[in-house]
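# Reading the structure
The chain contents come next:
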Amino acid sequence: MSFIRSMPARGPLEAMFVLLTIGAIFATFLSRRRVRARAPLPPGPPGIPFVGNVLDVPHLQPWVASWNLSSQYGDVISFSTLGQTTIVLNSVAAASDLLGKRSSKYSSRPGPVVSISQILGLDWSLAFMPYDNHWRRARRLFWQHFHPNVVGQWQASQALESRRFLRCLIDSQADIEYTTKLSLSRSLLSMACGVPAEEVGSSFVDLLNDVEVNVSEAFSPAVLALPWLRRLPAWCPGGYWQRKLEGWKLIAQRALELPFGAARNVKNGGDAKPTILSILSGAQGENEQENTTALTKSITATAFLAGTDTTAVTLLGFVCAMLLYPDVQKCAQEELDAVVGPNRLPQFTDRASLPYVNAVVKEALRWHNVAPLGIPHNCSAEDEYRGWRIPKGATVMVNVWGIMHDPEHYLNPEVFDPGRFLKDGKLNEDILDPATVMFGSGRRICPGRHFADNSLFINIASLLHVFDIKPAVDERGATIPVKYSMTSGLVSMVEPFECSFQPRSTAAEALIRDEFDDE
Ligand code: HEM
């Protein structure tokens with residue numbers, strides 16, 4: 001104040017200017033203090049001025065880079081890219097604390113995910129909806145067909161499709177990726193819409209492949225971290241995304257219409273067993289018919305898209321592992337021979353007596369992770385965790401791959417070893433169950449997880465019971481080497497490999513044909 005008093009009074013305007021300047025300096029000082037007093041973001045690489053961690057977000061397999069960074073920065077890491085904060089959770093504890101225990105704050109999808117899904121025309125999918133009443137309604141309707149007390153009703157159809165799968169493999173030794181996706185598409189579409197298997201052909205598998213490529217590219221970490229990329233005009237160098245997004249809309253529309261359309265075509269001729277479609281259609285009120293039809297369409301299409309690829313890719317990972325770890329195959333076959341015997345195929349009722357096969361199912365989920373960073377969640381209100389600030393609007397991802405390959409949970413994590421889940425011939429409850437991580441967390445946890453588990457069990461048990469899964473040979477009779485590697489993207493595939501399915505005996509071959517012919 002003495003400074004003000006000592007100033008020569010030159011006029012009211014100058015005095016006002018000086019007071020405003022001092023006020024501004026004081027306000028800036030206070031706001032700086034306030035910012036400093038706020039908790040810091042979780043630790044992470046320092047980044048570069050203005051653009052932050054743009055160069056720290058690798059395009060290929062970002063889950064590996066994030067996991068490697070955790071040795072330096074800990075299990076909760078933050079990245080900032082042009083004002084967008086992304087938090088990666090590298091431990092079960094952090095994932096369960098935030099996405100599980102505080103799920104009211106972490107159950108929406110990030111703005112970029114919601115808007116990309118809108119631009120793509122995939123906003124009808126439950127997986128990409130924001131956390132609102134529409135999601136709640138759709139999720140409730142979806143869950144009523146998949147909760148643990150009702151998934152048993154789909155087991156007969158899952159078992160039938162697994163037998164058809166064996167038959168396809170023995171008949172054609174066809175491309176394993178195609179056959180697996182076809183088989184699971186048939187299982188999903190029969191359950192969801194009552195579409196008979198013979199109506200489900202290559203157009204469905206092509207559609208799945210198109211959606212998979214789109215989703216992986218459109219929701220890549222680069223686009224999520226730099227959401228403005230998708231707003232660039234098509235003629236700009238970065239307008240690549242814009243051009244792509246336009247093309248993808250058509251595929252999203254086909255994905256919504258194809259299952260429903262296929263069901264409509266067979267409505268009169270199809271068998272009369274209840275399906276998701278028939279149950280939902282029967283439940284609709286007259287006045288909201290249009291609305292409910294849209295919802296029914298979206299629920300059946302979501303079940304097809306979300307359920308087929310994820311399970312197919314996990315099965316493909318298992319087949320690849322059987323080529324690389326023949327001893328595991330042998331162990332499982334010995335158990336199946338002892339429990340199931342040579343005269344029939346495995347059934348769901350055998351499951352409790354097959355601990356090793358159950359351990360193979362767990363290891364298949366752990367070894368190849370179809371969604372290595374899960375599906376991103378959004379922090380919808382400013383939060384504080386372990387003294388760090390999680391800003392409103394931050395994207396939060398769980399490093400599923402990192403946790404599934406953490407040597408603290410799983411010794412020699414890169415090895416496919418179902419024995420890690422067993423103790424004294426029983427499943428060891430002390431080992432982290434991959435299902436508690438692989439299917440996500442909190443209110444968005446995968447609603448198809450019990451169905452997927454049944455699907456994996458019946459297919460894995462049946463394949464091992466009747467086939468020796470072996471590397472393919474080339475035209476000169478030399479074994480084609482097998483190498484396991486994962487692709488990058490929201491959905492991670494197993495890189496293509498070749499293999500052959502040889503019936504374990506003539507009895508096994510007869511079993512595949514007889515069992516299937518009985519239907
Ligand atoms: C091995 C197979 C599967 C894996 C690994 C898997 C994994 C996941 C993951 C990680 C999520 C995101 C969870 C989160 O946001 O925290 C998810 C969501 C979802 N999954 Fe699955 N899933 C599988 C099979 C299935 C099946 C068979 C269905 C349906 C029949 C299904 C339907 C869905 C749906 C609808 C969502 C979105 C849920 C929401 O956002 O509210 N999934 N799944």
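Residues numbered from 1 in each chain as written. Predicted model: local features only at pLDDT ≥ 70, side-chain atom pairs only at ≥ 80, totals over all residues. Heavy atoms only, no water.

Naming follows an unreviewed UniProt entry, where the chain appears as Cytochrome P450 of Trametes cubensis. For the record of the chain, the UniProt heading Pathway (unreviewed entry) holds the text "Secondary metabolite biosynthesis." (UniProt positions renumbered as here; feature names shortened; annotations may be inferred.)

Moving on to the overall build of the chain. Counting its regular elements, the chain contains 19 helices and 10 strands. Within the chain, the fraction of its 519 residues that count as buried is 52%. Within the chain, contacts between residues at least 6 apart in sequence are counted, and of these 76% link residues at least 24 apart. When the accessible surface of the chain is summed, it comes to about 23,900 Å², and 57% of that surface belongs to carbon and sulfur atoms. (Helix = DSSP H or I, 4+ residues; strand = E, 2+ residues; numbered from the N terminus. Buried < 20%, exposed > 50% of the residue type's maximum accessible area, 1.4 Å probe, protein only. Contact = heavy atoms within 4.5 Å. Areas by Shrake-Rupley, 256 points an atom, 1.4 Å probe, with all protein chains shown as cover.)

What follows concerns the site of the ligand. Within the structure, the ligand sits among 28 residues, and Arg109, Arg139, His377, Arg444 and Cys446 are positioned closest to it. Separating an oxygen atom of the ligand from a side-chain N or O atom of arginine 109 is a distance of 2.8 Å. Residue serine 441 places a main-chain N or O atom 3.2 Å away from an oxygen atom belonging to the ligand. When contributions to the shell around the ligand are tallied by element, the ones reaching two or more residues are α6 (133–143), α13 (289–324) and α18 (449–466). Here the shell around the ligand is composed, by residue class, of 16 nonpolar, 9 polar and 3 charged. (Near = heavy atom within 4 Å. Polar contact = N/O pair within 3.5 Å; in protein donor to acceptor, adjacent residues only side chain to side chain. Nonpolar A, V, L, I, M, F, W, Y, C, P; charged D, E, K, R; others polar.)

What follows covers the environment of threonine 293. Topologically, threonine 293 is positioned in helix α13. Accessibility expressed as a relative area gives 28% for threonine 293, which makes it partly exposed. Expressed as a C-alpha distance, the spacing of threonine 293 and valine 150, which sit 143 residues apart in the sequence, is 23 Å.

Core analysis: the largest hydrophobic core is formed by 79 residues, its most contacted members being Leu89, Phe318, Ile460, Phe467, Ile469, Phe497 and Phe501. The biggest single contributor to this core is α13, with 10 residues. Formed by 51 residues, the second largest nonpolar core is a distinct cluster that contains Trp124, Leu277, Ile299 and Phe451. (Core = buried A, V, L, I, M, F, W, Y, C linked by side-chain atoms within 4.5 Å.)

In this section: the confidence of the model for the chain. The predicted coordinates of low-pLDDT regions are not to be read in fine detail. On average, residues of the chain carry a pLDDT of 85, and 82% of them reach 70 or more. Below a pLDDT of 50 lies the segment residues 1–36, which in the model reaches 4 contacts outside its immediate sequence neighbourhood of four places, other chains included. Across the interface, the model reports ipTM at 0.99; the global pTM reads 0.88. (pLDDT = per-residue confidence, 0-100.)

Positive phi outside glycine occurs at asparagine 412, with the angle close to 45 degrees. Tracing the sequence through the fold places asparagine 412 in the loop between α16 (400–404) and β7 (422–423).

A lone protein donor binds the iron atom of the ligand: Cys446 (SG), at 2.3 Å. If you trace the backbone, cysteine 446 turns up in the loop between α17 (435–438) and α18. (Donors = N, O, S within 2.8 Å, 3.2 Å for Na, K, Ca; no water.)

The sites that UniProt annotates as "binding site: heme" (unreviewed entry) are Cys446. Given a relative accessible area of 25%, cysteine 446 falls into the partly exposed group.

With that settled, consider the packing of helix α15 (residues 355–367) against α18. Two numbers describe how α15 lies on α18: the axes approach to 10 Å, and their chain directions differ by 120 degrees. It follows from the interaxial angle that α15 and α18 lie oblique. With respect to the hand of their crossing, α15 and α18 are arranged in right-handed fashion. Contacts between α15 and α18 involve Val357, Asn358, Val360, Val361, Ala364 and Leu365 from the first element and Asp453, Leu456, Phe457, Ile460 and Ala461 from the second. Class assignment for the residues of the contact of α15 with α18 results in 9 nonpolar, 1 polar and 1 charged. (Axes fitted to C-alpha atoms, helices over the stretch in contact; angles between N-to-C directions. Parallel < 35°, antiparallel > 145°, perpendicular 65-115°, else oblique. Left-handed = near helix turned anticlockwise from the far one by under 90°.)

It is worth spelling out the packing of helix α14 (residues 326–339) against α18 at this point. Two elements in contact, α14 and α18, have axes whose closest approach is 9 Å; the angle formed by their N-to-C orientations is 90 degrees. Put simply, α14 runs roughly perpendicular to α18. Note on element contacts: α18 touches α14 through Ala461, Leu464 and His465, opposite Gln329, Ala332, Gln333, Leu336 and Asp337. Tallied by class, residues from the contact of α14 with α18 come to 4 nonpolar, 3 polar and 1 charged.

A few words now on helix α9 (residues 202–218). Here α9 is 17 residues long and its end C-alpha atoms lie 24 Å apart, about the 24 Å a rise of 1.5 Å per residue gives. What α9 keeps buried is the set Phe204, Val205, Leu207, Leu208, Val211, Glu212, Asn214, Val215, Ser216 and Ala218. (Expected span 1.5 Å × (residues − 1).)

The next subject is the sheet that holds strand β3 (residues 377–378). Within a beta sheet, neighbouring strands are joined by backbone hydrogen bonds and run either parallel or antiparallel to one another. An order of β1-β2-β6-β3 is seen for the 4 strands of this open sheet, with the pairing classed as mixed. Strands with a single pairing partner mark the edges of an open sheet, and in this sheet they are β1 (76–81) and β3. Of the strand pairs in this sheet, β1 and strand β2 (residues 84–89) are connected by 6 bridges, and their pairing is antiparallel. Note on β2: the bridge partner recorded for serine 78 is isoleucine 87. Sitting on the sheet, helix α3 (residues 62–73) touches β1 and β2, and the angle it makes with β1 is about 115 degrees. Strands β1, β2, β3 and β6 (395–398) of the sheet are contacted by helix α4 (residues 92–101), whose axis makes an angle of about 125 degrees with β2. (Pairing = 2+ DSSP bridges.)

Take threonine 314: it is sitting in helix α13. Judged by relative accessible area, threonine 314 falls into the buried class, the value being 4%.

A full pass over the atoms with the stated rule returns 19 salt bridges. In this structure, aspartate 75 and arginine 386 form a salt bridge, with 2.8 Å as the shortest nitrogen-oxygen distance. With a gap of 311 residues between them, aspartate 75 in the loop between α3 and β1 and arginine 386 in the loop between β4 (383–385) and β5 (388–390) connect regions that are remote in the sequence. A residue is classified by how much of its surface remains accessible, and arginine 386, at 43% relative accessible area, is partly exposed. Ionic pairing is found between arginine 102 and aspartate 383, a salt bridge with its closest N-O pair at 2.9 Å. Taken together, the positions of arginine 102 in the loop between α4 and α5 (111–120) and aspartate 383 in strand β4 put the pair 281 residues apart, joining distant regions of the chain. Arginine 102 sits in the partly exposed class, given a relative accessible area of 28%. A single network of salt bridges, built from pairs that share partners, joins Glu177, Lys181, Glu212 and Asp309. (Salt bridge = Lys/Arg side-chain N within 4 Å of Asp/Glu carboxyl O.)

Considering all chains together, one arrives at 11 aromatic pairs under this definition. Aromatic side chains phenylalanine 204 and phenylalanine 304 sit 5.9 Å apart centroid to centroid with 85 degrees between the ring planes, which places their arrangement in the edge-to-face category. Placement of the pair is phenylalanine 204 in helix α9 and phenylalanine 304 in helix α13, with a sequence separation of 100 residues. For phenylalanine 204, a relative accessible area of 3% corresponds to the buried category. Looking at phenylalanine 304, the relative accessible area reads 0%, which means it is buried. Grouped by ring-pair contacts, the aromatic residues Tyr325, Trp367, Phe416 and Tyr484 constitute a single cluster. (Phe/Tyr/Trp six-rings, centres within 6.5 Å; stacked < 30°, edge-to-face > 60°.)

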